[in-house]
Amino acid sequence: MHGVIPINKPKGLTSHDVVIRMRRILHMKKVGHTGTLDPEVTGVLPIVIGDGTKLTEYMQTKKKRYQAQVTLGFSTDTEDQTGAVEARTEDLSGITDASIDQVVAGFLGSYRQQVPKYASVRVDGRKLYEYARQGIEVERPVRTVHIHSISRTSDIEREDGLITFDIDVECSKGTYIRTLAVDIGRALGAHAHMSRLVRTESCGLTLDRTVTLEVLKDSDPADYIVPIAEIIESLPTIEITDQDFLFRIRNGQKVDKSDIMDKVDMENVEMVALRHEGVPIGIYYDHPEREDLMKPYQMFNL
C-alpha cells in the first residue's frame, strides 16, 4: 500500500500516537505523518504510508486550514486552553464587534509571528518547550508567516467577562494559530488565547475525506488511501515513453533540463512529476548547482 490516508485525529492523541496505531492497523512499519497536531487539536492528519512517506516534505509545503475559537479576557503560558493563566484583562467593554472584525481582517497577508514558548522549534540545540518547562527564558525566533484567508465565522459571545468568537484561517506552513489568537487579542488591547482548534484541511485533503481510527480498523484500508498520483497531480506531469530516457530516469540519473522542458507546456518549471503508462515513477527538480540540469527529488517503486 502506497499513498496517504487522511485521519480525523481525535482529542487526546499525539500525532505520533496516531502513527503507532496506524502501524498496528495496517501491519506495516513504513508509516509517518506530515506535520504534528497538538493532543488537544482535532481534525485532518494526513498519514503517509509506503512510498507515500517520500512525499512528506513536499506535502508540508502546502497550505493548511483551521477553524479556531479565540477567547479574549485572559492569556495562558501555552497560548491555548491547556495552559496556566498568565494575565487577565478585566474590562473588555471598549471592544466592539466592528473592531473585532476590523482587526481579524487586518491579519490577511504576511506578518511577523513569534514562535510560542511551548513549541518544538530548537534554540541552541534544545526545544523551546524544554526551556519553558524549566522556567528558562530564551529568545524565541520571529518568523514571517502568510495568512491566505481569514474571517469570523460565528457570533461574538460576551459572557462571564470574556469575549469568544470563531475564525476560519487558511495559512502557510509554520503558522501557529494559537499565537495568531494572542496577536488578535493584542491588537484589540486585550489578553487572549486560543480556546479550541480543528484543522479542516491539510496538504490538499479536507475534513470530509478523513476517516477515524475506529472506522479504519474495522474496514479495508485500501478504501481510504489517496494515491500518490492524486497527491502530486498539481505538478506538471510528463508521460515517459522513450525506453532509453525511461532507463535513465528509473536509475535516478540527472537529465538535461531542455529534455524535460520540451515535454512541458509551460515556462519556469522547477519541479515535474514523471510517469510511465500512467503510473508515477518519480519527481525531478532543478539541480541546485547546475541551471541546465534536473535531478531526482523522489523516486517511487509502485
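See the structure above.
Since the structure is predicted, the reported quantities are computational estimates derived from the model, not experimental observations. (Residues numbered from 1 in each chain as written. Predicted model: local features only at pLDDT ≥ 70, side-chain atom pairs only at ≥ 80, totals over all residues. Heavy atoms only, no water.)

Moving on to the pattern of salt bridges. In the structure shown here, the tally under the stated rule is 15 salt bridges. Lys63 is the salt-bridge partner of Glu170, the closest N and O atoms lying 3.4 Å from each other. Here Lys63 lies in the loop between helix 2 (56-60) and strand 4 (64-72) and Glu170 lies in strand 12 (residues 162-171), a separation of 107 residues in the sequence. Lys63 gets classed as partly exposed once you look at its relative accessible area, which sits at 39%. When salt bridges with common partners are traced through the structure, they connect Lys30, Asp51 and Lys54 into a single cluster. (Salt bridge = Lys/Arg side-chain N within 4 Å of Asp/Glu carboxyl O. Helix = DSSP H or I, 4+ residues; strand = E, 2+ residues; numbered from the N terminus. Buried < 20%, exposed > 50% of the residue type's maximum accessible area, 1.4 Å probe, protein only.)

Okay, helix 8 (residues 243-250) next. Turning to helix 8, its buried residues are Phe245, Leu246 and Ile249. Down the axis, helix 8 shows its buried residues gathered within 100 degrees of arc, on one side only. Of the exposed residues in helix 8, those oriented more than 90 degrees away from the buried face are Gln243, Asp244 and Phe247. Buried residues in helix 8 make contact with strand 16 (255-256), helix 9 (257-261), strand 17 (271-276), strand 18 (279-286) and strand 19 (293-299). (Arc of directions from axis to C-beta. Contact = heavy atoms within 4.5 Å.)

Before going further, it helps to spend a moment on unusual backbone geometry. When glycine is set aside, most residues are seen to have a negative phi, and most peptide bonds are trans. In the Ramachandran plot, Asp124 falls in the positive-phi region, its phi being about 55 degrees despite a non-glycine side chain. With respect to the secondary-structure elements, Asp124 resides in the loop between strand 8 (122-123) and strand 9 (126-127). Judged by its relative accessible area of 74%, Asp124 falls in the exposed class. At Asp160, a residue that is not glycine, the phi angle is positive and equals roughly 55 degrees. Structurally, the position occupied by Asp160 is in the loop between strand 11 (157-159) and strand 12.

This paragraph deals with helix 5 (residues 177-187). With respect to burial, helix 5 is a largely interior element, 9 of its 11 residues being buried. Of the residues making up helix 5, those classed as buried are Ile177, Arg178, Thr179, Leu180, Ala181, Val182, Asp183, Ile184 and Gly185. Those residues of helix 5 hidden inside the fold are in contact with strand 4, helix 3 (97-105), strand 7 (109-114), strand 10 (142-152), strand 12 and strand 13 (192-202).

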